[in-house]
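Report on the structure
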Amino acid sequence: MLFENNEEKRSTVWRTVLTVSSVLIIIIAVFFVVKLFTANPLEGSWVSEDSGEVVEIRDNGQLTVDPAEGEGYTLEYSVDTKTKVLTVQTAGASDGAGDLTGTYTYNVEQDTLTLTEREYGDQIVFVRQ
């Protein structure tokens, strides 16, 4: 055994193991709490239920649209997680890229993303791919 006859050394080793374990548990818990509350809830690939187009939302502020027919394009977006607002801009996009531009209120329930246009109230429903 480790330090069989020396109670003081065993006690020191035990306290060190407990301290290191506790610190690691706290660091891991803080990481998951921060990741949970600061992550972009829209990040990922989404497929439109109506048109079949695939929308890929990346964490770097770019949104790629790959329609069922035709050529895909990339848009810029911003997300306000407090008010649940998604704003999509046409910066640097092609002529046909205006389909998804605008400001939307978003709602994510399990694997379903619902975008509600703020001006007219039209809804676009996506399912996580």
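One can find the structure itself at the top, above this paragraph.
As a starting point, this report considers the structure included with it.

So, how was this worked out
- Residues numbered from 1 in each chain as written.
- Predicted model: local features only at pLDDT ≥ 70, side-chain atom pairs only at ≥ 80, totals over all residues.
- Heavy atoms only, no water.
- Helix = DSSP H or I, 4+ residues; strand = E, 2+ residues; numbered from the N terminus.
- Rg over C-alpha atoms; globule rule 2.2 N^0.38 Å.
- Buried < 20%, exposed > 50% of the residue type's maximum accessible area, 1.4 Å probe, protein only.
- Contact = heavy atoms within 4.5 Å.
- Areas by Shrake-Rupley, 256 points an atom, 1.4 Å probe, with all protein chains shown as cover.
- Lys, Arg positive; Asp, Glu negative; His and termini not counted.
- Charge placed at Lys NZ, Arg CZ, Asp CG, Glu CD.
- Patch = residues over 30% accessible without salt bridge, like charges linked within 9 Å, V, L, I, M, F, W, Y side chains within 5 Å.
- Salt bridge = Lys/Arg side-chain N within 4 Å of Asp/Glu carboxyl O.
- Phe/Tyr/Trp six-rings, centres within 6.5 Å; stacked < 30°, edge-to-face > 60°.

**Here's the deal with the overall build of the protein**
A count of helices and strands for the protein gives one helix and eight strands. Reading the secondary structure of the protein in the N-to-C direction produces α-β-β-β-β-β-β-β-β. In terms of overall dimensions, the protein is more spread out than a globule: its C-alpha atoms have a radius of gyration of 24 Å, far above the 14 Å expected for 129 residues. A total of 129 residues make up the protein; the buried ones form 20% of that total. Taking all contacts inside the protein whose residues are at least 6 apart in sequence as the whole, residues at least 24 apart take part in 26%. Carbon and sulfur atoms make up 54% of the accessible area of the protein, which amounts to about 9100 Å² in all. A gap of 20 Å separates the mean positions of the 9 positive and 21 negative side-chain charges of the protein.

**Focus: a nonpolar patch on the surface**
On the surface, V20, L24, I28, F31 and F32 cluster together into a nonpolar patch covering about 520 Å² of accessible area. One can find F31 in helix α1 (residues 7-38). Owing to a relative accessible area of 51%, F31 belongs among the exposed residues under this scheme.

**Notes on the packing of aromatic side chains**
All chains considered together, the criterion is met by one aromatic pair. Residues F31 and F32 carry aromatic rings whose centres are separated by 5.4 Å and whose planes lie at 70° to one another, so their mutual orientation is edge-to-face. Residues F31 and F32 agree in their burial class; the two are exposed.

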